[in-house]
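# Tertiary structure, described
Chain by chain, the residues:
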Amino acid sequence: MTDLIERLRAIVSDKGLILDEDGKHPYLTDWRETYLGKALAIVRPATTEEVAAVVKLCAAEKVAIVPQGGNTGMMGGGTPHEDGHEIVLSLNRMNRILDIDTIGYTMTVEAGVILKTIQETAAQHDRLFPLSLGAEGSCTIGGNLSTNAGGVQVLHYGNARQLVLGIEVVTPQGEVWNGLRALKKDNTGYDLRDLYLGAEGTLGIITKAVLKLWPKPKDVATAWIAVPSPEAAVELLSGAHAASEDNVTSCELMARQGIDFVLDHVPGSTDPLQEKYDWYVLLEWSSTRARRPGANETGLAEKMEAYLGEAMEKGLVLDAALAQNESQARAFWAIRENHSEGQKREGPSIKHDISVSVSRIADFMAEGLAAMKKALPDCRPVVFGHVGDGNLHFNCQSPPGWNKTQFMAYHHAISGAVYDLVVGHGGSISAEHGIGRLKVEDLAHYRSKVEIDTMRTIKRALDPQNLMNPGKILQV
Ligand SMILES: Cc1cc2nc3c(=O)[nH]c(=O)nc-3n(C[C@H](O)[C@H](O)[C@H](O)COP(=O)(O)OP(=O)(O)OC[C@H]3O[C@@H](n4cnc5c(N)ncnc54)[C@H](O)[C@@H]3O)c2cc1C
């Protein structure tokens, strides 16, 4: 073992190696603190060549590798196992923006760049990188691509898979595949890029990416809206596409319970409306068409106000607040984005990141809430999410005062009931968070034999020694 550590040190130097237990700790547990693993070392290479050399050494020594970005994943995919035989390979020193091409609308980055840095760099060049999620201040683009992250603008721009043109990957053998092509069209055989996206580090390590950029929006309207029901939210969204001239960029649904947790636990949060309602929508429209000062033209805010007025007459809206400036819009967004934090501080929860088609949301929701209550009558459902994508965080908070062990005894009953319904509605048991470690059994149960067998065949072919993030997504 000393020999392995010294050979790792020779590749990444002291700066790239963490061996003391205090230093290792943040890399050994996940954001939700569901898992606490052990690792031989935390290895932090600074270049692709160093990543490749580390992987080659580990392949020769049969040491498994857990790739890690910002460690904000919800499924335990970036956390090592408890046996302590793995290394964690963190990309957090590979954090350089390599190129920005404003003519070709692309940005080339290393895998460890924080998502927010990418957004800010794009904005400085009057461009937009549209991936946006609550963890954007700490998650990395490598993690985003490896989980095929979603977030709050998928409805308009697509998920991470749709936001990338090319990637560079270090294979489980330590070879470097340079797929950093800034091409929109490239039909040259099997799509290797798509294989690695969403693979959660089980097939190789993403080290660089060429990202797509968009024009920066110049006119944005944001509203916090109380609606009578999830059905009304879906109908409101359906009409909004045409009313906004196809400029809906976000549509988030929230139940009151989650908002209360944010107001209770996240300092500085305030309720945008005076009355309390059961359901809310955060709606955002964005356009690249700038409003000319003094020109007599209707901007998105006026169009949205008119649309919400009509929707109120139809009974789809109960009350609404239109953001008057950017800081008010940010305050609305903070309530939505702090939902996971509010839930974490409230206590134990069982999370379901599910999707069904948008038109099935209302039916699923009614049946799902009933199923959760049947499994545990005192549980507190916390439903929120990207309703415009049919993706809900259909979560369940423990009854007040319960400890984790007591609550987790109901995990299988609650999740089983929810997932059976999701699958019955033609939906997915993981919309955007991936499988990681937490849903390995669920994936095997709910996906067909032919799908699982094909995934296993791919995994065995690319990683025959099963050293790349073993035990995540699949048992091979
Ligand atoms: C408050 C909060 C809000 C969130 N909101 C959303 C949301 O709206 N939408 C959403 O999709 N997710 C959301 N997430 C989940 C999480 O932020 C995403 O999954 C994110 O993409 C993970 O990025 P990361 O850099 O933290 O990856 P990590 O957590 O470090 O890793 C995630 C997985 O990817 C692998 N991996 C990481 N980097 C690489 C690499 N370079 N090469 C190969 N494999 C790699 C890891 O092994 C692991 O399996 C949220 C999380 C939090 C805490």
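Since the structure is predicted, the reported quantities are computational estimates derived from the model, not experimental observations. (Residues numbered from 1 in each chain as written. Predicted model: local features only at pLDDT ≥ 70, side-chain atom pairs only at ≥ 80, totals over all residues. Heavy atoms only, no water.)

## Focus on the sheet that holds strand β6 (residues 106-110)
- What the 5 strands build is an open sheet, ordered β5-β6-β10-β8-β9; its pairing is antiparallel. Each edge of the sheet is formed by a strand with only one pairing partner; in this case those strands are β5 (97-101) and β9 (176-179). Neighbour-to-neighbour, the strand axes of the sheet open up by a mean angle of 10°, direction not taken into account. (Pairing = 2+ DSSP bridges. Helix = DSSP H or I, 4+ residues; strand = E, 2+ residues; numbered from the N terminus. Axes fitted to C-alpha atoms, helices over the stretch in contact; angles between N-to-C directions.)

## Focus on the state of the cysteines
- Applying the stated criterion to the full structure yields 0 disulfides.
- The closest cysteine sulfur to the non-disulfide-bonded C379 is located on C396, 3.6 Å from its own sulfur.
- A relative accessible area of 0% means that C379 is categorised as buried. (Disulfide = S-S within 2.5 Å. Buried < 20%, exposed > 50% of the residue type's maximum accessible area, 1.4 Å probe, protein only.)

## Some words on the nonpolar core
- By size, the foremost hydrophobic cluster in this structure holds 49 residues, and its most contacted members are I225, L308 and F364.
- For this core, the element with the most residues is helix α8 (residues 230-243), which contributes 6 residues.
- Inspection of this core shows a minimum of three residues originating in each of domain 3 (219-337) and domain 4 (347-433).
- By size, the runner-up hydrophobic cluster in this structure holds 29 residues, among which are A149, L163, W177 and L211. (Core = buried A, V, L, I, M, F, W, Y, C linked by side-chain atoms within 4.5 Å. Domains from an automatic or database assignment.)

## Focus on empty space enclosed by the protein
- For the structure on display, the rule yields 1 cavity of 30 Å³ or more.
- In this structure, the largest cavity occupies an estimated 40 Å³ of space.
- Around the largest cavity, the lining residues are R32, M74, M75, K351, H352, D353, H393, N395 and H433.
- Looking at the lining of the largest cavity residue by residue, the class counts come to 2 nonpolar, 4 polar and 3 charged.
- Residue assignment places the lining of the largest cavity across two domains, with domain 1 (2-90) and domain 4 (347-433) each supplying three or more. (1 Å grid on protein atoms, 1.4 Å probe; cavity = no way out; pocket = protein on both sides within 12 Å on 5 of 7 lines; lining within 4 Å. Points joined across faces, edges and corners; volume = space filled by probe spheres on them. Nonpolar A, V, L, I, M, F, W, Y, C, P; charged D, E, K, R; others polar.)

## Details of the layout of surface pockets
- Size it by volume and the largest pocket reaches roughly 1200 Å³.
- Broken down by secondary-structure element, the contributors of at least two residues to the lining of the largest pocket are α4 (115-124), β7 (127-128), β12 (219-227), β13 (248-255), β14 (279-287) and α11 (326-337).
- Take the lining of the largest pocket: its biggest share by element is 6 residues, from α11.
- Classifying every residue of the lining of the largest pocket gives 16 nonpolar, 9 polar and 11 charged.
- Split by domain, the residues of the lining of the largest pocket number at least three in each of domain 2 (97-215) and domain 3 (219-337).

## Let's talk about the packing of aromatic side chains
- Tallying each qualifying case throughout the model produces 9 aromatic pairs.
- Both rings, one in W402 and one in Y410, keep their centres 5.7 Å apart while their planes meet at 45°; by these two values the pair is tilted.
- Owing to a relative accessible area of 30%, Y410 belongs among the partly exposed residues under this scheme.
- Judged by centre distance (5.9 Å) and plane angle (75°), the ring pair of Y419 and Y446 falls under edge-to-face. Placement of the pair is Y419 in helix α15 (residues 411-424) and Y446 in helix α16 (residues 440-446), with a sequence separation of 27 residues.
- Assessed through its relative accessible area of 18%, Y446 is described here as buried.
- Taken together, the ring pairs connect W224, Y277, Y280 and F332 into an aromatic cluster. (Phe/Tyr/Trp six-rings, centres within 6.5 Å; stacked < 30°, edge-to-face > 60°.)

## Observations concerning the pattern of salt bridges
- Taken as a whole and judged by the stated rule, the model has 24 salt bridges.
- With a closest N to O distance of 3.3 Å, K303 and E245 form a salt bridge. In this pair, K303 sits in helix α10 (residues 300-313) while E245 sits in the loop between α8 and β13, placing the two residues 58 residues apart along the sequence.
- Taken together, the shared-partner salt bridges connect R161, D191, R193 and D194 into one network. (Salt bridge = Lys/Arg side-chain N within 4 Å of Asp/Glu carboxyl O.)

## Quick notes on the environment of L115
- When you line up the elements, L115 lands in helix α4.
- Note on L115: relative accessible area 0%, which makes it buried.
- Spatially, the C-alpha atom of L115 lies 22 Å from that of G16, the residues being 99 residues apart in sequence.
- The residues touching L115, leaving out its near neighbours within four places in the chain, are F129, L131, L133, E136, C139, T140 and N144. (Contact = heavy atoms within 4.5 Å.)

## Structural notes on the domain arrangement of the chain
- When its domains are assigned, the chain resolves into domain 1 (2-90), domain 2 (97-215), domain 3 (219-337) and domain 4 (347-433).
- Spacing between the C-alpha centres of domain 2 and domain 3 amounts to 29 Å.
- On the domain 3 side, the residues contacting the 7 residues of domain 2 number 11 residues.
- Buried area between domain 2 and domain 3, summed over both chains or domains, comes out near 760 Å², and the portion from carbon and sulfur atoms is 60%.
- It is V152, L155 and H156 that lose the most area in domain 2 upon contact with domain 3, and together they represent 65% of the buried surface on that side. (Buried area = accessible area lost by both parts, 1.4 Å probe.)

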